Amino acid sequence: MQEGRPNAHKGRLFGMYVRPASRNRGIGRLLLNAALDAARENVELVQLSVVRDNQPARHLYESVGFRDYGVETKASKYDDRYYDEELMVLDFGLPDFLSTHR
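Nothing here was measured: the structure is a model prediction, and the numbers come from that model.

Trainee: Talk me through unusual backbone geometry; I want residue IDs and the actual numbers.
Mentor: One non-glycine residue with positive phi stands out, namely Asn24, at about 65°. Its place among the elements puts Asn24 in the loop between strand S1 (10-12) and helix H1 (27-40). Of the residues examined, Asn24 reaches a relative accessible area of 82% and is grouped as exposed. Of note in the backbone geometry, Asp79 takes a positive phi value of approximately 55° without being a glycine. Along the chain, Asp79 falls in the loop between strand S3 (67-78) and strand S4 (81-91). The class for Asp79 is exposed, based on a relative accessible area of 75%.

What follows is the structure, encoded as structure tokens:
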């Protein structure tokens with residue numbers, strides 16, 4: 001849940017990671033679903049940002065109902081390389097979420 005009354009209806013998913021040796025086993029989906037189940041009890045929507053080039057993560061988020069709403073250009077920088085981040089939101093009140101979750 002975000003701080004402050006005007007933002008209390010929003011949650012933020014931050015820092016989800018599955019080790020390379022454990023990928024492609026459904027662990028990411030289980031982790032995401034557990035986080036969303038907990039969030040649904042406390043907030044109306046969840047926001048996240050994901051590196052734009054990370055197609056597997058973007059596909060996972062889209063598969064449960066997250067939708068793009070913007071891009072943060074040069075959101076992060078490692079060494080001399082910049083990375084854009086896709087801003088995504090999942091609104092629990094929209095029918096999309098109910099039909100795609102799980």
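Trainee: Talk me through the sheet that holds S4; I want residue IDs and the actual numbers.
Mentor: Across the sheet, which stays open at both edges, the four strands sit in the order S1-S2-S4-S3 with mixed pairing between neighbours. In the strand order of this sheet, the two ends are held by S1 and S3, each with one partner. Strand-to-strand twist in this sheet, taken as the mean axis angle between neighbours without regard to direction, amounts to 25°. Where strand S2 (residues 45-51) lies against S4, seven bridges are found, and the strand directions are antiparallel. When the bridges of S4 are listed, Leu45 appears paired with Asp91. The sheet strands contacting helix H2 (residues 55-63) are S2, S3 and S4, and the helix crosses S2 at an angle near 165°.

Conventions adopted
Residues numbered from 1 in each chain as written. Predicted model: local features only at pLDDT ≥ 70, side-chain atom pairs only at ≥ 80, totals over all residues. Heavy atoms only, no water. Helix = DSSP H or I, 4+ residues; strand = E, 2+ residues; numbered from the N terminus. Buried < 20%, exposed > 50% of the residue type's maximum accessible area, 1.4 Å probe, protein only. Pairing = 2+ DSSP bridges. Axes fitted to C-alpha atoms, helices over the stretch in contact; angles between N-to-C directions. Contact = heavy atoms within 4.5 Å.

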